[in-house]
Amino acid sequence: MNWKGILKKLKEYPAIVGFVGIVIFFAFLSDRFLTLSNFINVFRQVSIQAIIAFGMTLVIISGGIDLSVGSVFALSAVVMASVLKGGSVLLGVLVALLVGALLGSINGVIVAKGKIQPFIVTLATMAIARSLTLVFTQGMPITGFPSSFRYIGRGDILGIPVPVIIMFGIFAIIFYISMFTKLGLYTYAIGGNETAAKLSGVKVDKYKIIIYMLSGLLSAIAAIILTARLNSAQPTFGTGYELDAIAAVVLGGASLAGGKGTVIGTLFGALIMGILNNGLNLLNVSPFYQQAVKGIVILIAVLIEREN
Amino acid sequence: MRNIVKEFPGVLALNKVRFDLYEGEVHALLGENGAGKSTLIKIISGVYKPDFGEIYINGRKSFFANPTEAIQEGVATIHQELNLFEELTVAENIFVGNIKKFNISKSKMIKITDQLLKEFNFPIKASEKVKYLNTSEKQLVSIAKALSLNAKIIIMDEPTATITEHETKRLFEIIKDLKRKKISVIFISHRLEEVFEIADRVTVLRDGNYIGTSEIENISREELIKMMVGREIEEMYPKFNKISGEEIFKIENLEVGEYVKDVSFDVKKGEIFGIAGLVGSGKLEIALGIYGYLPSKWKQLILNGKKITPSRNMLDYGIALVPEDRKKMGLVLEMDVMRNIILQNTDEVSRFGKISWKKSKIIATEEVKKYAIKVSSIKQKVKTLSGGNQQKVVLSKVLRKRPEIIFLVEPTRGIDVGAKVEVYNIVNKLANEGVGVVFISSELPEIVSLCDRVLVMHRGRSMGILNKNKINQENILKLATGVDIK
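I will try to describe carefully the structure that is included in this document. Everything numeric here is computed off the predicted structure, so don't read it as measured data.

Cut-offs used in this document
- Residues numbered from 1 in each chain as written.
- Chains lettered and ligands numbered in written order.
- Predicted model: local features only at pLDDT ≥ 70, side-chain atom pairs only at ≥ 80, totals over all residues.
- Heavy atoms only, no water.
- Helix = DSSP H or I, 4+ residues; strand = E, 2+ residues; numbered from the N terminus.
- Rg over C-alpha atoms; globule rule 2.2 N^0.38 Å.
- Buried < 20%, exposed > 50% of the residue type's maximum accessible area, 1.4 Å probe, protein only.
- Contact = heavy atoms within 4.5 Å.
- Areas by Shrake-Rupley, 256 points an atom, 1.4 Å probe, with all protein chains shown as cover.
- Lys, Arg positive; Asp, Glu negative; His and termini not counted.
- Charge placed at Lys NZ, Arg CZ, Asp CG, Glu CD.
- Pairing = 2+ DSSP bridges.
- Axes fitted to C-alpha atoms, helices over the stretch in contact; angles between N-to-C directions.
- Phe/Tyr/Trp six-rings, centres within 6.5 Å; stacked < 30°, edge-to-face > 60°.
- Salt bridge = Lys/Arg side-chain N within 4 Å of Asp/Glu carboxyl O.
- Core = buried A, V, L, I, M, F, W, Y, C linked by side-chain atoms within 4.5 Å.
- Parallel < 35°, antiparallel > 145°, perpendicular 65-115°, else oblique.
- Left-handed = near helix turned anticlockwise from the far one by under 90°.
- Nonpolar A, V, L, I, M, F, W, Y, C, P; charged D, E, K, R; others polar.
- Polar contact = N/O pair within 3.5 Å; in protein donor to acceptor, adjacent residues only side chain to side chain.
- 1 Å grid on protein atoms, 1.4 Å probe; cavity = no way out; pocket = protein on both sides within 12 Å on 5 of 7 lines; lining within 4 Å.
- Points joined across faces, edges and corners; volume = space filled by probe spheres on them.

## A few points about the overall build of chain A
No. 1: Across its full length, chain A carries 14 helices and four strands.
No. 2: For a compact globule of 308 residues, the expected C-alpha radius of gyration is about 19 Å, and chain A comes in at 19 Å, within 12% of that figure.
No. 3: When the backbone C-alpha atoms are referred to their principal axes, chain A occupies close to 60 × 55 × 35 Å.
No. 4: Evaluated residue by residue, chain A yields a buried proportion of 54% over its 308 residues.
No. 5: Considering only intrachain contacts with a sequence separation of at least 6, the fraction spanning at least 24 residues in chain A is 78%.
No. 6: A total accessible area of about 13,700 Å² is found for chain A, and carbon and sulfur atoms account for 70% of it.
No. 7: For chain A, the distance from the average position of its 21 positive side-chain charges to the average position of its 10 negative side-chain charges is 5 Å.

## Concerning the sheet that holds strand β7 (residues 201-206) of chain B
Residues and elements named next belong to chain B.
No. 1: If you walk across this open sheet you meet the six strands as β4-β5-β6-β1-β7-β8, and the pairing is mixed. With one partner strand each, in any of the chains shown, β4 (75-78) and β8 (209-215) form the two edges of the open sheet. Across this sheet, the average inter-strand angle for adjacent strands is 20°, counted without regard to direction.
No. 2: Direction of pairing for β4 relative to strand β5 (residues 153-157): parallel, over a ladder of four bridges. Residue Ala76 lies in a different strand from β5, and its bridge partner there is Ile154.
No. 3: Its contacts with the sheet place helix α8 (residues 221-229) against β1 (26-30), β7 and β8, and it is angled at close to 30° to β7.

## Notes on the packing of aromatic side chains
In this description, an aromatic ring pair is defined by two values, namely the gap between the centres and the angle between the planes.
All names here are of chain B.
No. 1: Within the structure shown, the criterion is met by 18 aromatic pairs over all chains.
No. 2: Ring geometry for Phe249 and Phe265: centres 6.0 Å apart, planes at 45°, overall tilted. With Phe249 in strand β9 (residues 247-256) and Phe265 in strand β10 (residues 260-268), this pair connects stretches of sequence that are 16 residues apart.
No. 3: A relative accessible area of 0% means that Phe249 is categorised as buried.

## Some remarks on the pattern of salt bridges
All names here are of chain B.
No. 1: One pass over the structure, following the stated rule, counts 34 salt bridges over all chains.
No. 2: For Glu193, the salt bridge identified is with Arg221, shortest N-O distance 3.8 Å. Here Arg221 lies in helix α8 and Glu193 lies in helix α7 (residues 192-198), a separation of 28 residues in the sequence.
No. 3: Exposure remark for Glu193: the relative accessible area of 40% places this residue in the partly exposed category.
No. 4: Using a relative accessible area of 27% as the deciding quantity, one classes Arg221 as partly exposed.
No. 5: Within this structure, Asp266, Lys268, Glu271 and Arg453 form a network of salt bridges that share partners.

## Observations regarding the nonpolar core
No. 1: By size, the foremost hydrophobic cluster in this structure holds 203 residues, and its most contacted members are A:Phe54, B:Phe122, B:Ile154 and B:Ile406.
No. 2: Among the elements that line this core, the one with the most residues is helix α3 (residues 36-61) of chain A, at 15 residues.
No. 3: Discounting chain neighbours no more than four positions away, the residues touching B:Phe122 are B:Leu117, B:Leu140, B:Ile143, B:Ala144, B:Leu147 and B:Ile174.
No. 4: Judged by nonpolar contacts, the second largest core, of 36 residues, contains B:Val260, B:Phe265, B:Ile308 and B:Ile405.

## Points about the packing of helix α5 (residues 89-114) of chain A against helix α11 (residues 204-230) of chain A
Residue and element names in this part refer to chain A.
No. 1: Across the interface, α5 lies against α11 with an axial gap of 7 Å and an inter-helix angle of 150°. With respect to α11, the element α5 is oriented roughly antiparallel. Seen along the crossing, α5 lies across α11 with a hand that is right-handed.
No. 2: Each residue belonging to the contact of α5 with α11 can be placed in one class, and the counts come to 14 nonpolar, six polar and three charged.

## Here we look at the side chain of B:Ser45
All names here are of chain B.
No. 1: In this structure, Ser45 sits in the loop between α1 (37-44) and β2 (55-57).
No. 2: Residue classification places Ser45 among the buried positions, given a relative accessible area of 6%.
No. 3: Of note is the side chain of Ser45, whose polar atom sits 2.8 Å from the backbone oxygen of Ile41.

## Points about the layout of surface pockets
No. 1: The computed volume of the largest pocket comes to approximately 1,700 Å³.
No. 2: Taken together, 50 residues make up the lining of the largest pocket; nearest its centre are B:Gln80, B:Glu81, B:Thr162, B:Asp325 and B:Lys327.
No. 3: Where the lining of the largest pocket is concerned, the elements lending two or more residues are α1, α5 (135-148), α9 (283-291), α11 (326-330) and α15 (387-399) of chain B.
No. 4: Here the element with the most residues in the lining of the largest pocket is α1(B); it accounts for five residues.
No. 5: Looking at the lining of the largest pocket residue by residue, the classes come out as 11 nonpolar, 20 polar and 19 charged.
No. 6: Estimated volume of the second largest pocket: approximately 1,200 Å³.
No. 7: For the second largest pocket, the lining is made up of 27 residues, of which A:Glu12, A:Tyr13, A:Thr262, B:Glu334 and B:Lys381 are closest to its centre.
No. 8: Of all the elements, helix α1 (residues 3-12) of chain A adds the most residues to the lining of the second largest pocket, at four residues.
No. 9: Along the lines of polarity and charge, the residues of the lining of the second largest pocket split into seven nonpolar, nine polar and 11 charged.

## Describing the interface of chain B and chain A
No. 1: In this assembly, 24 residues from chain B lie in contact with 19 residues from chain A.
No. 2: Linking chain B with chain A are zero salt bridges, by the criterion used here.
No. 3: There are nine residue pairs in polar contact (both at pLDDT 80 or more) connecting chain B and chain A.
No. 4: Taken together, the elements giving at least two residues each to the side of chain B that touches chain A come down to α11, α12 (337-343) and β17 (354-355) of chain B.
No. 5: Sort the elements by how many residues they give to the side of chain B that touches chain A and α11(B) lands first, with four residues.
No. 6: In terms of residue class, the side of chain B that touches chain A is built from 13 nonpolar, six polar and five charged.

## Thoughts on unusual backbone geometry
All names here are of chain B.
No. 1: Phi angles above zero are rare outside glycine, and Lys182 is one such case at about 65°.
No. 2: Even without being glycine, Ala372 reaches a positive phi, approximately 50°.
No. 3: Summarising the element assignment, Ala372 is placed in the loop between α14 (357-370) and α15.

## Considering the sheet that holds strand β19 (residues 436-440) of chain B
Residue and element names in this part refer to chain B.
No. 1: Ordered by their spatial adjacency, six strands build an open sheet running β15-β18-β19-β11-β20-β21, and the pairing between neighbours is mixed. Among the strands making up the open sheet, the edge pair consists of β15 (319-322) and β21 (461-467). Each adjacent strand pair in this sheet contributes to an overall mean axis angle of 20°, direction not counted.
No. 2: Two strands pair when backbone bridges link them, and strand β11 (residues 272-277) and strand β20 (residues 453-458) are joined in this way by five bridges, in the parallel orientation. Bridge assignment links Gly274 to a residue of β20, and that residue is Val454.
No. 3: Along the sheet, α9 makes contact with β11, β15, β18 (405-409), β19 and β20, crossing β15 at roughly 140°.
No. 4: Against the sheet, α15 engages β15 and β18, with an angle of about 175° to β15.

## Focus on the pairing of β21(B)
No. 1: Two elements, β20(B) and β21(B), share five bridges in a ladder whose sense is antiparallel. Residue B:Arg453 lies in a different strand from β21(B), and its bridge partner there is B:Asn467.

Next up, the structure:
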């Protein structure tokens, strides 16, 4: 490929360019930044947000939004934790996945069959799931799990943390779904023009339910990782995660209007958020400023996106 | 004399195009889709800047950096998509962006607006909310707004594409009135009859080139078509289908919500069956109802001799639909040509949910070739195609599966003459291949020329089915307006 071709490809993924730019920026300012251990650290921190954001990507491409991911995250964490306390790791993990998928499907069914705006539906389920989490735990954290479970969050294989491996595994699956399956094609079509998709014979309702179910399922996977890492499930888990996920997806070039977006973009969107956190910490920038920096980066990204 | 001259050497969209407009003149701008009409009016109205060339208004060289400047100079555009605030009143819509004083009272606004509306005989009330108006009335609001801004030149982009015959007549009366008040109108339409009825002069563009300008009296319909397409069209409405006696489709007592009541008809093999009617008569909803997009019920539906009870997607039975509005209902504009074609035919290229892009490419290339769709590649986004090519993409994706019966709803709306003829040819061929064709259209000339029988709708009910020897514009119009014919 010649230079022009590469440039053109890069223009399609401004998040990659942004990521590289920010990496170079911090590399100049901090000598501790550009080290393997620091990068592994960043990827581990990002893995949880990224997994949620992958699900959010499909939802946003389909023209919807899922505000409930943070609460679904918390509810699946605490329900799993109580099962883990009973002894079985495998059962606990399965229960978490089940809770996530179930809540996601409920979102999907109400959005698809009830014909209610996804923003409203998931705003409501976000509140309901959070409330259920608090009722279930009575507001107390659940802690202390078997070491085989903790391995999911703390272990590593050949120096790569397990959460990072899981993240890349899920990235590969969602990438495949979005590019090479009917589900992927239909997701873009529903977001691009729902009426046309329906008239073309796409079972819009069915695919919407699958998309929201996947979003819930991925939230649960992220919850498993965090619970394992902290050796604790807390009822306040996941607060504000929906915004981080949406930010990553938008940084990755998706449009909230639907029909546009890529999983690769989202991966780099999440990495940009993570690297900003990490770099600003290394530079000893007060956490009070960090949110503002993130906000500015998001605005710049969206402005660049509009230029395209 | 007002004189707009524009020259653009070496530009792709418009190549050394010129255009001039007299005071109080209706000047029709004609050309196939992609001829450069839209680009030209966007330059006149300040949306685009010309790379070269000049614009003169009243002999003075002018330049518009944006649409607001054009409006200030008296150039207003009535777009096809009317940009009005649905929730505001007519008066408020007219005053938006034009309020000199911030404290103008509602009653005063309505009074001033009513005066304006009365002066031009617009049958609308200033106090009415825009959302309660129909398309034609909204159009009048836009025109009134232009007039309130002292427009001297009004550009109308296909104003008659979405309104009824009766409303068109009213619009023409208003245009004539504008002429008397020395206001010039640039009129864009695909309907040649209308151009002959209303225009004083006509300018034709083709492929971005200026072809010519003529007084309307000095040119014939055939000459105009020839100028537009650049070749002789032997026949505007080709017809070569052969009807067999065999019945392929039959529906009894169809009801579609509020729109269609108690409609029955049958279609024979090889027949082109027309459905006509005014806007709001229910003719469009017949197709959407049978296809299952709108809630509907019927006593009996027989397809190829088999009775069908709708339990699955109608596509699975071989009932296909080319919807009315290709941009809103037919295509995913942001997706490329290949994906749009595949979208309706995924079962052909996928196994266990996995899509073979290799097969998809082969199919898309095949379809593009078959229907002579003009694309730079099958990866081109459909939103960048011309109307005619977009419609061919819709036809190709719908027809790929060889339906038993196809409902074509306004299949030639907003596409150029050349593409229309191609669509008519496709329709004829389909009929001959044994597909039942139901042709639903608001354009009477094509219904009259193309169809073997015509069902005419009036207020949701069938006024009767005309046989070939009874099909003419007069009979259809009578039935469509609720008058029986003897």
